[in-house]
Amino acid sequence: MKTTRFRQSLMATVFTGWAFSASVTGACAADTPTGSASSTAPDEIVVTAGHTRSELNLSGDVIQRELPGMNAVKAVELLPGVIFETADPWGNNEQNSALYIHGFNTQQLGYTMDGVPLGDQSYGNYNGLSPQRALISENIKSVGLSSGAGDLGTASTSNLGGTLAVFSTDPKDRMGADIAQTFGSYSAFRTYARGDTGTFGDNNSAYVSFVRQSARAWDFDGEQGGYQVNGKFVHRGEKGTLKVFFDWSDKTEPNEDAVSVTRGQKNTPYTRPYLYPDIDAARAYLNSKGMPPAALGANYANYFSDAQRSDYLTYVSYDYAINDNATWKNLGYYHHDDGRGVVAFPYGQYTSVFNPYYPGQNLKDILGGTGYGIRTTEYRIDREGEESTLDYRLGNHDLQFGAWFEHNSTTTSRRWYAMSPDATPYDTPTDPLFTQVQSLITNNVLQTHVQDAWHVIPTVTLQAGFKSSLQYANGLMPVQPRAGSYSGASGALPTGEIDTREPFLPQAGILWDVTPHDQLFVNVQKNLRQYMTYGLGGASPWSLGSQTAFNLFKAYGHPESSWTYDLGWRYDHRLDLGPLSGIGGQIDLYHVDFSNRQLLISPNPTLTTFVGGVAILENVGSVTTNGVDMAMTMRFGPHFSFYNGLSYNRSTYDNNYVNGTTVVGTAGKIVPGDPTWMDKFYFDTNYENFDLRLIGEYIGRRYATYTNDMSVGAYRQYNLQMSYTIDDSVIRGVKDLQLSFNITNLTNTRAVSTVSVGAASNTYAAYPLAPREYFFTVKSSF
């Protein structure tokens, strides 16, 4: 790597604590190996130098200080331009989470863990798993966010709006153990334990870690949590490094039902808890036809609902140094998921489903006599893949050639069960009454990329490259629904193959070290989102209601694509201005042209948590986005720092669309769910063994429909963290004994967290913000 004056200066001015600084990375992915993180000091936010695009990183220590066990995706909401919402303080509940970055939503971003693709984070997942299921939070080394444009070598088919990359820690050099125990509000507890072998044999090392977490949901009687195990082995040889990783995750999360909001609605509830475990009250809740109180409308209570997920993930990687100028990196992985979403529902809500299967029969008796039945959406994922990258230095050029292949087989089934009086959210339903529908989709993905970073002079680098993205997907429907049982279906549900090929997705950028402390970057990049390969809902061609609709979309539909333009300035300066001793950060101006936007038009007039049946999928035009992200840390000597992340984003629809014969006026309207203004801050102070941090965020007004006729208000939220570290000399054999205390939602703010957008006007669904909660953690090393 050619180290410029800017990077040399930053090597000498990396600040610990909450400071922005630039890590020492090269000008392209050839300098930062795929599947590895840039080096960061503990407890810092890092502005990554050496890239022609915006890239910010959080260290694992920062995440644990926010809240032990926090989801990596929730942690990045500290960064400008990012909004992540969920109804629990850890960010672990997947049903009610939502992420927006620069107008792009969760499913339009890319996600990896040590380079392994994690899919598009759909709740009914078909091609991956969430970062918190892939890696124990305490084992995170760092999280990197490339907003707007991801690396060409990213293993993702959905990274229109950028990439979130999570990296795991390696085993420690010395034998030892780490233990952390958290207790908190609503009977919360989290136990983390890790054992490291230290270096043994011929430069080998390994660790095994375990987590058990449980917490009662704050507004209903449900225990959310599970178990997780990570293991990692590393061998460092003379010519290369071998790594083997394993993850097992098993969790059950009773879910918060969304509150349905309609225009003119009176007495909208703040929460929508379920009725479990009071079966007698649940029976009395229904009328003789199995219907809940009519006055509640869509905000009736189910008996319970939950998400059950069990995952196995493993990878093997080997980085081989061919010579001083060439390195060949290879990674192979396998992932298996077995999961289900479970809903215990009032049977009167689903008579149209049961009548074709049990015509003229007593549905209450068929379903077990409680007045409730159980509906599941059951998932199986088996996917394996390989990644290979060659980095080669040729004079002033850093070249990279790479390829990624994945084979994925996924089955999704909709099944219906009787419910006994002693049923719980923690049971796995067995012996279904019938399988209503089942899809089986196989998908092969091949992506290749080539890029070159040309160091024209020591202070200027030109970077250019392109990737090719090919997807070959084939969907079958082993079980078809009976006529009249599946809302929106006309005849048999579709089957068939769709092959999409985009051979040229270019990227170009310039990096200029203007001074030893200032760096300018420019980047232009085209990205593509391949079609979702999911058979029961979602914006997928295989979720359409007929073979004719599928054939038409196959013939005339297009994958979503985007052109992203970035212009930015990174800076890091030592100062001597009274108390102000340093300032660093990044300003990023961006423009995005988003084309072939896909819209899932719901068949239901009122948006609820569980939208049944099929919707219409269409390409409905383009979106234009303009914005700016500003991140800055001011340092006041060794004991105080203040970080602020301010962002402005305006994403607007360019076109109206047609629903049936109705023209829906969306042209010029702001993309819902993503606020125009956001501001985040982080104040940190430390004195000897004591640390205190105050974190705050302002989330601006968010529109909740495509025509902007409904919205949710702005809110502010604050979190507080205090910790005290006891010196090693106090307790013999115990190192780094730390006591920490966290308060989330310090002011007990009531607001809408996640907005579920799915209608043009008059209705949306919402989840509440979690109330103030307290957590106490003891952790130590041995």
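Preceding block: the structure.
All values reported here derive from a predicted model rather than from experimental measurement.

(A) Highlighting the overall build of the protein chain. A count of helices and strands for the protein chain gives eight helices and 41 strands. Expected size for 782 residues packed as a compact globule is a radius of gyration near 28 Å; at 26 Å, the protein chain falls within 12% of this value. Taken along the three principal axes of its C-alpha coordinates, the protein chain extends 80 × 60 × 55 Å. Across the 782 residues in the protein chain, those meeting the buried criterion constitute 60%. Taking as baseline every contact in the protein chain between residues at least 6 positions apart, the subset at least 24 positions apart corresponds to 70%. Here the protein chain displays about 28,300 Å² of accessible surface, and carbon together with sulfur accounts for 57% of that area. Taken together, the 56 basic and 74 acidic charged side chains of the protein chain have centroids lying 3 Å from each other.

(B) Representation of the pairing of strand E26 (residues 580-595). As paired elements, strand E25 (residues 560-577) and E26 share 15 bridges and run antiparallel to each other. Within the sheet, the bridge partner assigned to serine 562 lies in E26 and is phenylalanine 594. Connecting the antiparallel pair E25 and E26 is a turn made up of two residues, with glycine 578 showing a positive phi of about 65°. Summarising the sheet, E26 and strand E29 (residues 623-636) pair through 13 bridges and their orientation is antiparallel. Across the sheet, isoleucine 587 pairs through a bridge with methionine 630, a residue of E29.

(C) Representation of the environment of glutamine 547 within the structure. Its place among the elements puts glutamine 547 in helix H8 (residues 547-556). Overall, glutamine 547 belongs to the partly exposed group, its relative accessible area being 28%. In the structure, glutamine 547 is positioned 48 residues away from serine 595 in sequence and 26 Å away in space, judged by C-alpha atoms. What glutamine 547 contacts, discounting residues up to four positions off in sequence, is Ala492, Leu493, Pro494 and Thr495. A polar contact is formed between the side chain of glutamine 547 and the backbone oxygen of threonine 495, at a distance of 2.8 Å.

(D) Focus on unusual backbone geometry. Cis geometry is adopted by the peptide bond preceding proline 277, which originates at tyrosine 276 and carries an omega value of 10°. For proline 277, the position within the fold is in the loop between strand E16 (259-262) and helix H5 (279-285). Despite not being glycine, glutamine 121 shows a phi value in the positive range, around 65°. Tracing the backbone through its elements, the reader meets glutamine 121 in the loop between strand E8 (116-117) and helix H4 (131-134). Here the phi dihedral of aspartate 736 falls at roughly 55°; this positive angle occurs in a residue that is not glycine. Within the fold, aspartate 736 resides in strand E38 (residues 735-744). In this structure aspartate 736 comes out as partly exposed when scored by relative accessible area, which is 47%.

Rules behind the numbers
- Residues numbered from 1 in each chain as written.
- Predicted model: local features only at pLDDT ≥ 70, side-chain atom pairs only at ≥ 80, totals over all residues.
- Heavy atoms only, no water.
- Helix = DSSP H or I, 4+ residues; strand = E, 2+ residues; numbered from the N terminus.
- Rg over C-alpha atoms; globule rule 2.2 N^0.38 Å.
- Buried < 20%, exposed > 50% of the residue type's maximum accessible area, 1.4 Å probe, protein only.
- Contact = heavy atoms within 4.5 Å.
- Areas by Shrake-Rupley, 256 points an atom, 1.4 Å probe, with all protein chains shown as cover.
- Lys, Arg positive; Asp, Glu negative; His and termini not counted.
- Charge placed at Lys NZ, Arg CZ, Asp CG, Glu CD.
- Pairing = 2+ DSSP bridges.
- Polar contact = N/O pair within 3.5 Å; in protein donor to acceptor, adjacent residues only side chain to side chain.

Nothing here speaks to function; it is geometry throughout.
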